[in-house]
Amino acid sequence: MANKVLIYGAGGFSGRLIARAAAARWPAGAGVQLLLGGRRADTLAPLAQELGLPTRVFALDDASALDGALAELGLHTVVNAAGPFADTALPLAQAAVRRGRHYVDITGEADVYQRVDDLGYVAAQAGVTLVCGAGHSAAVSDLMLEQALSEIAAADATAEVGSIRIAFGAVGAVSQGSVRTAWRSIREQVVVVRGHPTTRELRQTHLPTGQLERCFDFGAGPRIASAANLLDLHTARLTAQRALDRGRLQRVRAIEAFIEVDDAARLFLQMGPLVAPLLALPGVGQAVRAAVAGLPEGPGAAERARGRHQVLLQIDDGCGGRLADWRLETPDPYDFTAETVLGVVDGLLSRTHGPTLAGWRTPAELFDVAAVFAQPQQGLLRDCRLQRRGLPVAAPRLAPRRTSRRVQP
Amino acid sequence: MSGAAADGAVTAARFWSGEGALTPAAAAAVRDATRTAADAVLPRRLVVEVVDDGDGAWLVLLATQAEGEDAHRALIAFGSRCVRVDRLRQLGFMATEAAIRAQPQADGSLQLEVSDPLCIGGVPACWVRVHGVRLPPAAEAPAAADPGDVDAQERQRSAFTTAPPSAAFATGAPRIQRHRQLQAAPAPEDPIRQVEREVQVDTLRRGVQPLGRGAAVDLLNLGALEAAALLPRTWALPDALCGHVELPAQWLPPPGPGAADPAIAWAGALRRAPRVPMLAAAGYRFTNVDIVGFRIDLGGRDDVAATLQQMVEPLNFHRHPQGRLSGWGTQAFRWRPAARVLVIELLRYGRMYWGEQEPQPGAPFTAQHELLLRTLVGRVDDEGAQARDPALFVPAIFVDNPWSRMIGRELQGFPKQLARFCSADGPLDLSGCRPGTQQPVPLARVTRVHTEPCFGAGGRGGVDVLGLELPPGSDDPALWADVRPLMGGAGALRRARWRQGDFTDPQFRRSFAGQALGLDPAAMPSVQVSPVDGRALPSAWVTGTMLFDRMEAGTPAGVARLHLPRDDAAARAQLPPAWRALRRLFPEGTIVLSTGSWYRARADLRMEPTQG
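Residues numbered from 1 in each chain as written. Chains lettered and ligands numbered in written order. Predicted model: local features only at pLDDT ≥ 70, side-chain atom pairs only at ≥ 80, totals over all residues. Heavy atoms only, no water.

## Overview of the sheet that holds strand 6 (residues 99–104) of chain B
All names here are of chain B.
- An order of 6-7-8-11-12 is seen for the five strands of this open sheet, with the pairing classed as antiparallel. This sheet does not close on itself; its edge strands, each paired only once, are strand 6 and strand 12 (233–237). Each strand of the sheet is rotated relative to its neighbour by a mean of 15 degrees, with strand direction disregarded.
- When strand 6 meets strand 7 (residues 110–115), the two strands line up antiparallel, connected through six bridges. Its bridge partner lying in strand 7, Ala99 is registered against Ser115. (Pairing = 2+ DSSP bridges. Helix = DSSP H or I, 4+ residues; strand = E, 2+ residues; numbered from the N terminus. Axes fitted to C-alpha atoms, helices over the stretch in contact; angles between N-to-C directions.)

The structure is reproduced here in C-alpha cells:
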C-alpha cells in the first residue's frame, strides 16, 4: 500500500503551493498517495479537481473527527499548512502523536514552536517524528547551520563558538498569514540565546523589541537588521545544543536572529514596546484583522518568480574571529517553503528510521545535509546560490581578541 | 535466569502447584477476558501455585496453560507482603495484597484462604480457597532480623530465606518453570491506552515430586478480574507437584535510585494496546464521598520551597540529561508547586463504581477510606515569566482497599499504599463500620491511620501515618444543617484551598493565580505520573479531571490537630518520600489548624481521564 501524506490546510495560500509541488514530486504510482485536508470542502474542491486528489474535510476542534481522520489506514505523515498555527498546530500534533503519524508543519510562530515542543517526550516514546518550522523559516537556516557546525567540528574537534547569527533579507511581498504572525510578534520581546558560562547549556533570554541591531551585507552593501523573534533561533538553539551534547563543539556563547528592516520598520520596532499595550486593545486588533483581510492572500506567481531572498549565517569563534560567513540566495520564500517541507516529508518517507529519529526534530535532521551542500546544483539547492565568504578555520583558542579579523560589513 | 540473590545467597522457597482441565466454556471465557488479542490463546488447564518462604510470606498464583505451551500465564497473584506484591506488579503479574492463612488439615495437607487483607472481625471476605496443599519439608529457618529494624526485616522477607538449601533442594533434576506475562503502563501519548511488553519470568525448580493426591480450589469472589470468568465454582486440581523453587533475581527488590532511566532504556520496544478489558472503564464514579480537609499554610516560611519542589519532582521525569539526544525536545519546562499550601484530605468513599458498573453486594471493590496529600502545581517554562496549566498533584496517598490501590497505581498514577484506618475503638472496615455493627463510625472520628506491610498470621511491622484530633462536635450529623446555609457549597471549598496571597512566587502571582482561583472546585484538573513503581516502561503524565457533583462544604469551628510520625528507619521503609518530607516541615510533629483552616465536604465524585 502506498504511504499516504495528508496536507492539511491545502485550501490556503501556502497549502496550495505545497500541494501542487507535492503532486509534481509524487505523481500517481510513485508510491505516495496525497490527500488534501482542510476545514472547508469548498476551498479544497477546486484544487482537488485540478490535481485529481482526494480530500478529507474535518475541523480541528472536533476531537473525534480529527482522531478519525488521522486513524486512516496507511496515513504516514501529516503536513500542517493551516494557519494561524496558534490555533492548529497543537491539536493536530497531539492527534498525530496519539495516532502514531509523523507531523510536519510550516509555522513561523516562535511561541507555537515552543508549545508544540512540549510534546517531544511523548512523541519520542510513541515513535513519532515532529518537525515544526519545516518551511523556508526555519529549514534553510537550520540546514546551513548544521553543515557549518559539522565543518567547524571537522576542522577542530575542540572548537569553541562565540556567536551564531542568522539574518534574513527583507521579503518583497508577504502573505496574509505572515502579516498576522508579524503582528502577533510585535507585542512580544525578542528572544536571544546565551550559553551558560560554566555548562554546555543554551538558555534563551529576552530583549526589548528594536534594541539589538546589526549591519549585514545581503549583497547590496551594508543594511541594518533588527533582532527578531524568529523560529530559526529556536531550531538553531536545538541544532547547536545537539552539537554540544554530542561533544562536536565545546562551547557556544550566543545565538541571535535578525531580519533586515527599513527606516519605517526600525521606527515601528523601536516604538513597539511603547505602543504594545495599545495594540492589545480589542478595537485595534479588530481593525488590524480587517486590514489584513483586505490584503492579497499572498504574492502572485509573477511576484514570486521575481522574488529572491537572502539568508545569512555568521559564526564567530570565541575571540571574535569569523569561522563562517555564508550567504544563501533562495527562490521566493513561499515557493521554497514547498521545496523544504517536501524534502522533510521525503526524509520521513525514505528513511528507515527507528526510535533514534523519533521525537522532536529540527528540519535538518531529516536531510542528508552533507549531500545537500556537496552538490548544491542538484537537489534542494538547485535554484539557490550559496556564497561562502569565510571557510571554517581552527579556532584560535589562546589568541588575544583580534578585532581586525572581524568581518564588519 | 539467576538462582542467586545479588549477595550470592540462594533464594529458596517451597512450592506446591496443582493443575486441572478447564471446561471449554470456561476456557473461552478466560480467553475473551484476557488483555490483548496477542494473548488470546485458548487456555486448556488451570494452574494454582502456592509459594511459601517459611517466614509467613505467601504467594498464591492462579494461572492458565495453553495446549502445547509449557509456560504459565498468571491471571491473578495474591501476596501477603506489600513489597513482594509491588515486585510482582513490576514484573507484569496482576497482583494484589491479600491475607493468606494456612490451616493444617487432618490429612496432613494445608488449606489456604486468600481473603481481604484489611477485613476486621468475623469471617474475612474470602476470595479464594485452596484445598489439599502439600509442601515439602521446610529448609532451615533464616536468622531473625532485629525486630526493631523493620527495613531489614522487609529486605530479608523480600529476599526470601538466605538459609543454605536443604538436601531435598539440592537433589533431583532441575526444571525451569516459565511465566509469560505482560508488563503494562499507561501510554505516554495517550494514557487511556497502554504500552505493554511480554516478559518471561523463569523460576528454577528442584526436588520436584508428583503428589499422589490431588487438590481443589474454590474461586469465590474476584471482582471483575480476568479470573472472574472462572467463578464462582470449585475446580479440581488432580495433578499436583511440590518441591523447592529458586526465585529469579528479578523477583528481588529493584535497585535503588540511580538506575538507568527506563523510559530511555525501553523506548521503541513496546507495543500499544487498548487497556486491559477489566480496567477499560472510561472513568470511575464514587458516590457518598465524605471529606475532612486540612489546609496547611506554609506561606510565612522561607525554608519550604526546596521541600515542596522535592514533593512534585516526580512530575519532572522528562528532564533527563539524555533526553535532548533522544528527541525529547528542549524539555524547557518544569512542574513546580504553585503555592506554599498543602492540603491533607481524609475521605470515605461510600460506593465505588467502575464506569457505570454498579458495585455488587459483597464485591471487593465497593468502599474505602483514603488519606492523601495534595498540592497545586503549574508548568513553568525555563525562561518564562508566567506559569500555566494549574493542576492538582497527589504525591502521597493511602487507602484501605487493595483493589483500589492496584487500579489507582496502574491506571491513574496515584502512588497508593495500603493503610488501616482506625477510630479510638479500633480498626474500621472499608465502609467505616466496627466489627459486628452496620452503622459507620462518623469520618471525623477516625483518629489514626497506620500502614500494614504484611498480612495473614501475625501481621506486623506497621508504622503510624497520621494521628487526628478533631474538636468535639465535628462528627455531629447536625453539622451539615448548620454549615450549609452559612458557608455551604463549592465556594467554601474554593476559599479553603487557595487564596490570592498563597501565590507568592513571581511566575504564579498574576495570570496563573487568576486561573487557579477561577477553577471550578467542582471540576479540578489533575496530573499524576505513571508508572509509580519504576518498572521498566516509559513514564507518562496522566491527566484527568476530578468532577464533583452535589457538593456541600463548610468550615466547622474548633482547632484540629494532626500528628505526624517520626522520620525513623521504619518510616523510611514504609512511608513515601513526600509524606516524610511533610514530617520534616514540622519538626515538632504536630500541625495545629484553627477554624477556617480545615473543612468538611460531601459530594459525589467522578474521575475522568483526559485523552492524549
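## Side note on empty space enclosed by the protein
Residue and element names in this part refer to chain B.
- Under the counting rule described, the total for this entry stands at twelve cavities of 30 Å³ or more.
- Reported here for the largest cavity is a volume of approximately 240 Å³.
- Around the largest cavity, the lining is made up of 24 residues, and of these Phe286, Tyr349, Glu370, Phe414 and Lys416 lie nearest the centre.
- For the lining of the largest cavity, the secondary-structure elements that each account for two or more residues are strand 15 (284–297), strand 17 (341–354), strand 18 (368–381), strand 19 (387–399), helix 7 (402–412), strand 25 (540–554) and strand 28 (598–609).
- Here the residues of the lining of the largest cavity are counted per class, giving 16 nonpolar, four polar and four charged. (1 Å grid on protein atoms, 1.4 Å probe; cavity = no way out; pocket = protein on both sides within 12 Å on 5 of 7 lines; lining within 4 Å. Points joined across faces, edges and corners; volume = space filled by probe spheres on them. Nonpolar A, V, L, I, M, F, W, Y, C, P; charged D, E, K, R; others polar.)

## Some thoughts on the interface of chain A and chain B
- If you look at the interface, chain A gives 27 residues, while chain B gives 25 residues.
- Across the chain A/chain B interface, buried area totals approximately 2,400 Å², and carbon plus sulfur atoms make up 51% of it.
- Its largest share of buried area at the contact with chain B, chain A owes to Arg98, Tyr121 and Gln125 of chain A, together 32% of the area lost on that side.
- Run the count over chain A and chain B and you get four salt bridges.
- Of the charged contacts, one joins Asp245 of chain A and Arg324 of chain B as a salt bridge, the two residues approaching to 2.6 Å between their closest N and O atoms.
- The interface formed by chain A and chain B contains seven residue pairs in polar contact (both at pLDDT 80 or more). (Contact = heavy atoms within 4.5 Å. Buried area = accessible area lost by both parts, 1.4 Å probe. Salt bridge = Lys/Arg side-chain N within 4 Å of Asp/Glu carboxyl O. Polar contact = N/O pair within 3.5 Å; in protein donor to acceptor, adjacent residues only side chain to side chain.)

## With respect to the sheet that holds strand 5 (residues 102–105) of chain A
Residues and elements named next belong to chain A.
- Strand order across the open sheet formed by seven strands is 3-2-1-4-5-6-15, with parallel pairing between neighbours. Unpaired on one side and paired on the other, strand 3 (55–57) and strand 15 (359–361) mark the two borders of the sheet. Neighbouring strand axes in the sheet, compared pairwise and without regard to direction, differ in orientation by 20 degrees on average.
- Here five bridges tie strand 1 (residues 3–8) to strand 4 (residues 75–80), and the two strands are oriented parallel to one another. Residue pairing for strand 4: Val5 is matched across the bridge by Thr77.
- Packed onto the sheet, helix 1 (residues 13–25) meets strand 1 and strand 2 (32–38) and runs at close to 155 degrees relative to strand 1.

## Focus: the pairing of strand 9 (residues 202–207) of chain A
- Where strand 8 (residues 190–195) of chain A lies against strand 9 of chain A, six bridges are found, and the strand directions are antiparallel. In the sheet register, Val190 of chain A faces strand 9 of chain A, and the bridge partner there is Leu207 of chain A.

## A closer look at unusual backbone geometry
- That bond from Gly83 of chain A to Pro84 of chain A is cis: its omega, -5 degrees, falls within 30 degrees of zero.
- Relative to the elements of secondary structure, Pro84 of chain A occurs in the loop between strand 4 and helix 4 (85–99).
- Residue Pro531 of chain B follows Ser530 of chain B across a cis peptide bond; omega there is -5 degrees.
- Positive phi values are uncommon outside glycine, yet Gln331 of chain B reaches one of about 50 degrees.
- The residue Gln331 of chain B is located in the loop between helix 6 (305–312) and strand 16 (333–337) in this model.
- Gln331 of chain B sits in the buried class, given a relative accessible area of 7%. (Buried < 20%, exposed > 50% of the residue type's maximum accessible area, 1.4 Å probe, protein only.)

## Details of the pattern of salt bridges
- Tallied over the full model, the rule gives 68 salt bridges over all chains.
- Residues Arg99 of chain A and Asp67 of chain A are paired through a salt bridge, measuring 3.5 Å at the closest nitrogen-oxygen approach. On the criterion of sequence distance, the pair formed by Arg99 of chain A in helix 4 and Asp67 of chain A in helix 3 (residues 63–70) is long-range, its members being 32 residues apart.
- For the salt bridge of Arg448 of chain B with Asp464 of chain B, the shortest nitrogen-to-oxygen distance reads 2.7 Å. With a gap of 16 residues between them, Arg448 of chain B in strand 22 (residues 446–451) and Asp464 of chain B in strand 23 (residues 464–469) connect regions that are remote in the sequence.

## Quick word on the pairing of strand 3 (residues 58–66) of chain B
All names here are of chain B.
- The buried fraction of strand 3 amounts to nine of the nine residues, a majority that puts the element mostly inside the structure.
- Here strand 3 shows no split at all, with Trp58, Val60, Leu62, Thr64 and Ala66 on one side and Leu59, Leu61, Ala63 and Gln65 on the other all buried.
- Relative to strand 3, strand 2 (residues 43–52) runs antiparallel, the two sharing nine bridges. By the bridge assignment, Pro43 is partnered in strand 3 with Ala66.
- The pairing of strand 3 with strand 4 (residues 73–79) spans six bridges and is antiparallel. Paired with Leu62 across the bridge in strand 4 is Ile76.

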